[in-house]
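Topology and contacts: notes
Each chain, written out:
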Amino acid sequence: MISSRRQTHRWLMTALGVLLPWLAVSALVQRPEIPPVTATAAPLFARADLGGATAEGALLLAFDWPVQDTQLKGQLVLDPTLQLRLIAEEPLNLADPLLYWSSTDRSPESLAQAQLLGSLAGAGTHRYRLPMVVGRALRSPQPGLLLLVSPLDQRIVASWTLPSLSAGGERP
Amino acid sequence: MSHGYVAVQWTRRKLIYDGVLLAGVSAYLLLFMGISHWWAAAANVPLETDGAAIRAYGSAAYILLHLTLSIGPLARLNPLFHTLLFNRRHMGVMVFLLGFLHVNGWHLPKEPWSWLGQKAPQFPWSFHGALNWYNDFGNREPLVSLFTSNGHFNDFALFPFELLGVIGLAVLFVMAATSHDFWLTNLTAPVWKAIHMAVYVGYAALVGHVFLGALQTNQSPWLAALVLAGLVWLLAIHLISGWREWVIDGRPLQPDSTGWVDLGPIDAIPDGRAKVFALAGERVALFRQGSEFFALSNVCQHQNGPLGEGRVVNGCVVCPWHGYEYRLETGASPPPFTECVPTFPVECRQGRVRIGLPPRPPQQA
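Residues numbered from 1 in each chain as written. Chains lettered and ligands numbered in written order. Predicted model: local features only at pLDDT ≥ 70, side-chain atom pairs only at ≥ 80, totals over all residues.

What about the pairing of strand 11 (residues 346-349) of chain B?
Regular strands place their side chains on alternate faces of the sheet. All names here are of chain B. Put simply, the test is: When DSSP locates at least two bridges between a pair of strands, those strands are taken to pair. Secondary structure elements follow DSSP: runs of H or I no shorter than four residues count as helices, runs of E no shorter than two count as strands, and numbering proceeds from the N terminus.
Sheet topology note: the strand 11/strand 12 (residues 352-356) ladder contains 4 bridges and is antiparallel. Bridged to V346 within strand 12 is I355. The loop that links strand 11 with its antiparallel partner strand 12 comprises 2 residues; one of these, Q350, has a positive phi angle of about 55 degrees.

What about the sheet that holds strand 9 (residues 325-327) of chain B?
Residues and elements named next belong to chain B. To keep things clear, this is the line we draw: Each axis is a line fitted through C-alpha atoms, taken for helices only over the stretch in contact, and angles between the N-to-C directions span 0 to 180 degrees.
Across the sheet, which stays open at both edges, the 3 strands sit in the order 7-8-9 with antiparallel pairing between neighbours. Looking at strand neighbours, the two that pair on one side only are strand 7 (311-313) and strand 9, the edges of this open sheet. Adjacent strand axes in the sheet meet at a mean angle of 35 degrees when their direction is disregarded. When strand 8 (residues 316-318) meets strand 9, the two strands line up antiparallel, connected through 3 bridges. Residue V318 lies in a different strand from strand 9, and its bridge partner there is E325.

Describing the confidence of the model for chain A
All names here are of chain A. Defined as follows: Every residue is assigned a pLDDT by the predictor, reflecting its confidence on a scale from 0 to 100. We call two residues in contact when the distance between their C-beta atoms, placed using the backbone, is within 7 Å.
On average, residues of chain A carry a pLDDT of 76, and 79% of them reach 70 or more. In the model of chain A, helix 3 (residues 165-168) stands out as the element of lowest mean pLDDT, 60, in contrast to helix 1 (residues 3-29), which has the highest, 90. For the stretch residues 38-55, pLDDT sits under 50, and the model shows 51 contacts to residues farther than four places along the chain or on other chains. Confidence drops under pLDDT 50 across residues 168-172; counting only partners more than four residues distant or on other chains, this segment forms 12 contacts.

A word on helix 4 (residues 88-104) of chain B
Residue and element names in this part refer to chain B. The cut-off we apply is this: Take the number of residues in a helix, subtract one, and multiply by 1.5 Å to get its expected span. Labels follow a simple rule on C-beta atoms placed from the backbone: if 20 or more others lie within 10 Å of a residue's own, it is buried; if 12 or fewer, it is exposed; otherwise it is partly exposed.
The end-to-end C-alpha distance of helix 4 is 24 Å, a good match for the 24 Å that 17 residues give at a rise of 1.5 Å each. Those residues of helix 4 that fall on the buried side of the exposure criterion are R89, M91, G92, M94, V95, F96, L98, G99, L101, H102 and V103. Buried residues along helix 4 sit in contact with helix 1 (12-43), helix 2 (49-77), strand 1 (105-106) and helix 6 (161-177). Just downstream of helix 4 lies G105, where phi reads positive at about 85 degrees.

Some thoughts on the environment of W133(B)
Of note, W133(B) is situated in the loop between strand 2 (127-128) and helix 5 (142-148). Owing to 26 C-beta atoms within 10 Å, W133(B) belongs among the buried residues under this scheme.

Some points on the nonpolar core
The line we're drawing: Residues of type Ala, Val, Leu, Ile, Met, Phe, Trp, Tyr and Cys that are buried and joined through C-beta atoms within 7 Å form what is called a nonpolar core.
One finds L64(B), V95(B) and L98(B) to be the most contacted residues of the largest nonpolar core, which totals 45 residues. For this core, the elements supplying multiple residues, two or more each, are helix 1 of chain A together with helix 2, helix 4, helix 6, helix 9 (199-217) and helix 10 (221-249) of chain B. For L98(B), the contacting residues outside a window of four places in its chain are V25(B), Y57(B), A60(B), A61(B) and L64(B). By size, the runner-up hydrophobic cluster in this structure holds 32 residues, among which are V67(A), L94(A), L116(A) and L138(A).

Points about the domain arrangement of chain B
All names here are of chain B. Spelled out, the test is: Start and end points for every domain follow an automatic or database-based domain assignment.
Taken domain by domain, chain B comprises domain 1 (12-248) and domain 2 (260-356). Using only C-alpha atoms to locate each centre, domain 1 and domain 2 end up separated by 39 Å. Every contact between the two is made by 8 residues of domain 1 and, on the other side, 10 residues of domain 2. Secondary structure elements with two or more residues in the side of domain 1 that touches domain 2: helix 3 (82-85) and helix 8 (189-196).

A closer look at the sheet that holds strand 12 of chain B
All names here are of chain B. Read from one edge to the other, the open sheet built from 3 strands follows the order 3-12-11, with strand pairing classed as antiparallel. One side of each edge strand has no neighbouring strand; the edge strands of this open sheet are strand 3 (260-265) and strand 11. Strand-to-strand twist across the sheet, computed as the mean angle between neighbouring axes with direction ignored, equals 25 degrees.

Given below as structure tokens:
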């Protein structure tokens, strides 16, 4: 390596030696309590039978959720982990609608603390394996909200207050 | 005048190197998937095989990138690692391929099968890569989703780590695409090395990608410790080897009024080896063969490797990086090769050895 390249290499590594440890430690320290769910995180793989969600299971709760002109049918199923099923008889009139869960009791202004559950695109049965944090909330007096989000408009289109499993007397 | 294309010249050594590389990567991927299956079975939960495959390929690329970037400084610190330098570029290409599979998956495209009203056949172990999951097979292009689904640019923990991954992969692509000697010869070694130094920018982007991505969703302290250890290791060996180089570069020798530079007592130069000096902004390797001394530029014409760390075989110094050879007397490669490096006049007087400036121009055999 010629001397000018060696010098550049030294400067570059010194800069990275300062920048990267700072980045790493900051990223670990500032981790949110509820892990943000990315598109490749576990719950999305339960969608569309790709993640091993099965058709059978013990039905814990059934509910209806009116969204736009459609009535979404919801089911909470234990199979063997907690699953949410949403059945849309026809596609929603939204580009790539996404389903989130929020621990709040009213629709939040931002999705920063909400959990992404998966996509609601297209008609048919959508299955979501619920993260443990949602399962715990469902068994508490504050089960939280389901949020339907339009990523294109960056807004919450509809929300639905989930019933508590502890109030219904049926415990998973 | 441009350099003609010459296909990769496979030697037994290269085949062994690549064989070990392929076997190692395959073993890692199989082990990762095997342990994932075993773990899921033990916990009695269904395994998300696509998710496990994405993590397997991503982690394989990240680990291999660390190994690849470790070879350079390790070879500076200990000549034993020169063997690994020999075909390091193939490791870099493998890092890019693994990263690409992490993003794209391993499956045939829908077309032309869809034109015939059929589904594309499945590869063994095929899976959908990370990009396919953006918008979860919705009706928007995944690439559009990738760049628009996360707009938290002002939030550190929620920063769109995907963009950092794109930057890292783009840099790795440039490295892989220009890795062939065709580019090295046409661009010249200094320019080629300068371009390939961007790999550190790519590495920084990928560190950000992992810390702001995978380590935000997977909060295992063991995983964080492992990734942190990799970062500390790589920075430490680069800084230590860089510091050792700086010790040599920081004390350049100056010629006297007659143009000669005193390199010290003859006995300080070990027989059959070389000693490297910083001189006139570059490095000079002074070789001793019994009572004879030869001074050559320390910079190999191939990839600017350190000739002073090479062995002397049949009167030629062999570059420790890729085996390029130069005659000690003339600095020229033996025929049919045409590379050559500058040499310096040497004289021994009163038990001390001196070299003269300016250097003799490179002379072909």
